Amino acid sequence: MIMKDLHKVIKTIRLSEKATLLGEQNNEYVFSVDVDATKIDIKQAVEKLFGKKVNGVRTANYDGKARRERRADYGRTNHWKKAIVRLKAGEKFDLA
């Protein structure tokens, strides 16, 4: 198995109202990840980069939004992937 660069697997943590509620209620944290990353890649990246034990990973793919410029130039924003990572009991991220 080829090990991917851990810093390329996880792009950013997504902070939103819903993500904050998931963190407080279910000990789950939301990340924006590489489109080609698998659940195993995401789990390994979180465990090695942050030193936390992962209980489970859920992922969702999102299509980029269609955009249009003034002169009928059509395009899209980039497609992206979201990962919801549940940590084991007793583990927590300090986001402050």
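Quick notes on the rules
- Residues numbered from 1 in each chain as written.
- Predicted model: local features only at pLDDT ≥ 70, side-chain atom pairs only at ≥ 80, totals over all residues.
- Heavy atoms only, no water.
- Helix = DSSP H or I, 4+ residues; strand = E, 2+ residues; numbered from the N terminus.
- Buried < 20%, exposed > 50% of the residue type's maximum accessible area, 1.4 Å probe, protein only.
- Contact = heavy atoms within 4.5 Å.
- Areas by Shrake-Rupley, 256 points an atom, 1.4 Å probe, with all protein chains shown as cover.
- Lys, Arg positive; Asp, Glu negative; His and termini not counted.
- Charge placed at Lys NZ, Arg CZ, Asp CG, Glu CD.
- Pairing = 2+ DSSP bridges.
- Axes fitted to C-alpha atoms, helices over the stretch in contact; angles between N-to-C directions.
- Salt bridge = Lys/Arg side-chain N within 4 Å of Asp/Glu carboxyl O.

With respect to the overall build of the protein chain
Thought 1: The helix and strand tally for the protein chain stands at three helices and six strands.
Thought 2: In terms of overall dimensions, the protein chain has a C-alpha envelope of 55 × 35 × 20 Å along the principal axes.
Thought 3: For the protein chain, with 96 residues in total, the buried portion stands at 29%.
Thought 4: Of all intrachain contacts in the protein chain linking residues separated by at least 6 positions in sequence, the fraction that spans at least 24 positions is 61%.
Thought 5: With an accessible surface of roughly 7200 Å², the protein chain has 48% of that area assigned to carbon and sulfur atoms.
Thought 6: Side-chain charges of the protein chain comprise 22 positive and 13 negative groups, with the mean position of each set lying 3 Å from the other.

Some thoughts on the sheet that holds strand β6 (residues 80-87)
Thought 1: The sheet built from four strands is open, its strands ordered β1-β2-β6-β3 with antiparallel pairing. Each end of this open sheet is capped by a strand with a single partner; those strands are β1 (10-13) and β3 (54-62). Here the strands of the sheet are splayed against their neighbours by 30° on average, with no regard to which way each runs.
Thought 2: Relative to β6, β3 runs antiparallel, the two being bridged by eight bridges. Looking across to β6, one finds that A60 is bridged to K82.
Thought 3: Against the sheet, helix α2 (residues 17-26) touches β2 (28-33) and β6, its axis set at about 140° to β2.

Looking at the pattern of salt bridges
Thought 1: Enumeration according to the criterion identifies two salt bridges in this entry.
Thought 2: As a salt-bridge pair, E28 and R58 come within 3.0 Å of each other at their nearest N and O atoms. Here the residue E28 occupies a position in strand β2, and R58 occupies one in strand β3, the gap between them amounting to 30 residues.
Thought 3: On the basis of relative accessibility, which here comes to 4%, the residue E28 falls in the buried class.

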